[in-house]
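Fold and contact review
Given next are the chains, with one letter for each unit.
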Amino acid sequence: MKHITVIGSGTMGNGIAHVFAQNEFQVSLVDIKEEFLQKALATIGKNLDRQVGKGILTLEQKEATLGRIKTFTQLEEGVKSADLIVEAATENMSIKLDLFRQIDDLAPKSAILATNTSSISITKIAAVTNRPSQVIGMHFMNPVPVMKLVEVIRGYATSDEVTKQIMDLSKGLGKVPVEVNDYPGFVANRILMPMINEAIYSLYEGVAGVEEIDTVMKLGMAHPMGPLQLADFIGLDVCLSILKVLHDGFGNPKYAPCPLLVNMVEAGYKGVKTGEGFYHYTPGSKDSQVAARFKK
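Each chain has its residues counted from 1, running along the sequence as written. Selection of residues for local features in this predicted model requires a pLDDT of at least 70, selection of side-chain atom pairs for listing and counting requires 80 or more, and totals for whole chains, interfaces and linings are taken over all residues. Neither water nor hydrogens contribute to the side-chain values; these are computed over all heavy atoms in the structure.

- Per an unreviewed UniProt entry, the recorded name for the chain is 3-hydroxybutyryl-CoA dehydrogenase, and the organism is Algoriphagus faecimaris.
- UniProt positions are given in the numbering used here, feature names are shortened, and annotations may be inferred rather than shown by experiment. Taken from UniProt, the Sequence similarities (unreviewed entry) comment for the chain reads in full: "Belongs to the 3-hydroxyacyl-CoA dehydrogenase family."

Spelled out as structure tokens, the structure:
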């Protein structure tokens, strides 16, 4: 594999493009608007500057990395020479299915089609293509340039050969791939999201406050970040979407999203991306404090 296409230039997409380009792959980054792509390139540049500052990269390596990324607003142009396509669009079933129908028609027949979905069925995505054996999940963790884990998810029809290629490729990126099977939430979110949901229920039911819940999990369980603040960083809308996938997929009431989470998302309080969730975030600063509505 030499040519990688990443579809979606948001937080995950630009991180995935960064990692591939840094490892000397030619990268096509695709999104629907040029402004999104320019914002992504600026973010990649800042993250590369951080690596230069830490002595991880030289300035020459930074420039070479940026030079390997080309941007496209036309899907056909972006995928026509890809060996691997990694979809990192919004975590929405209908959007992903529509994208994979288009990609399947436009991409070379030999290309592997991967999705960075955090919970949606690989088998269902693969079923809308004419190459289900070449469809696989590559679930990177955020922030992609820093986090080592890649969940490699096999759909029902994914071939052994494609799975091995993606496992080996992930190792070549300096990641630690873990092969899992295609069930709702895979492993990471099947375990993480119920914990976050239970933390929200603990707040909702008045067991403890925001800081208290997060402090217990940080100091008592050695978590680097409390579950409520982590939910803010993931995006409360994303957490809700994954919980709905788990609830629908298993039909088990233990995955039912907390009503507080539902209300916050419907009201537009989605965490860091909107400036407020369980915490309030100051724009352009790393400072945060418990959101006013949750203060005692």
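1. Digging into the UniProt feature "site: Important for catalytic activity" (unreviewed entry) in the chain
- Within this numbering scheme, the UniProt entry marks His139 as carrying the feature "site: Important for catalytic activity" (unreviewed entry).
- With respect to the helices and strands, the residue His139 is situated in strand 6 (residues 135–140).
- Engagement of the side chain of His139 in a polar contact is seen with the side chain of Glu151, the distance being 2.8 Å. Strands are runs of DSSP state E lasting at least two residues, helices are runs of H or I lasting at least four, and both sets are numbered from the N terminus onward. Residues adjacent in sequence count toward polar contacts only when both atoms are side-chain atoms; beyond that, a polar contact is any pair of N or O atoms within 3.5 Å, and within protein one must be able to donate a hydrogen and the other to accept it.

2. Side note on the pattern of salt bridges
- Any carboxyl oxygen of Asp or Glu that lies within 4 Å of a side-chain nitrogen of Lys or Arg is treated as forming a salt bridge with it. Counted according to the given criterion, the structure contains 11 salt bridges.
- Salt-bridge contacts for Arg131 lead to Asp104; the nearest nitrogen and oxygen are separated by 2.7 Å. With a gap of 27 residues between them, Arg131 in the loop between helix 6 (122–126) and strand 6 and Asp104 in helix 5 (residues 93–106) connect regions that are remote in the sequence. Each member of the pair, Arg131 as well as Asp104, carries the same accessibility label: buried.
- Salt-bridge contacts for Glu179 lead to Arg154; the nearest nitrogen and oxygen are separated by 3.6 Å. Placement of the pair is Glu179 in strand 8 (residues 176–181) and Arg154 in strand 7 (residues 149–154), with a sequence separation of 25 residues.
- By sharing partners, the salt bridges in this structure join Asp49, Lys62 and Glu63 into a single network. Exposed residues in this analysis have more than 50% of their type's maximum accessible area, buried residues have under 20%, and partly exposed residues fall in between, with area computed by a 1.4 Å probe over protein chains only.

3. Concerning the packing of aromatic side chains
- Pairing of aromatic side chains requires ring centres within 6.5 Å, counting the rings of Phe and Tyr and the six-membered ring of Trp. Pairs whose planes differ by under 30 degrees are stacked, by over 60 edge-to-face, and all others tilted. Evaluation of the coordinates by the stated rule reveals 6 aromatic pairs.
- With centroids separated by 5.4 Å and ring planes inclined at 85°, the aromatic side chains of Phe20 and Phe25 adopt a geometry described as edge-to-face.
- Exposure remark for Phe20: the relative accessible area of 0% places this residue in the buried category.
- Consider the rings of Tyr201 and Tyr204, whose centres lie 6.1 Å apart with planes at 70°: the pair is edge-to-face. Separated by 3 residues within a single helix, Tyr201 and Tyr204 lie in helix 8 (residues 188–204), roughly one turn from each other.
- Exposure remark for Tyr204: the relative accessible area of 45% places this residue in the partly exposed category.
- Counting every residue linked through ring pairs, the aromatic cluster contains Phe233, Tyr279 and Tyr281.
- Either the NZ atom of lysine or the CZ atom of arginine qualifies as a charge over a ring when it sits within 6 Å of the ring centre and within 35 degrees of the ring normal. One residue, Arg293, lies across the ring of Tyr269, its end atom 4.0 Å from the ring centre.

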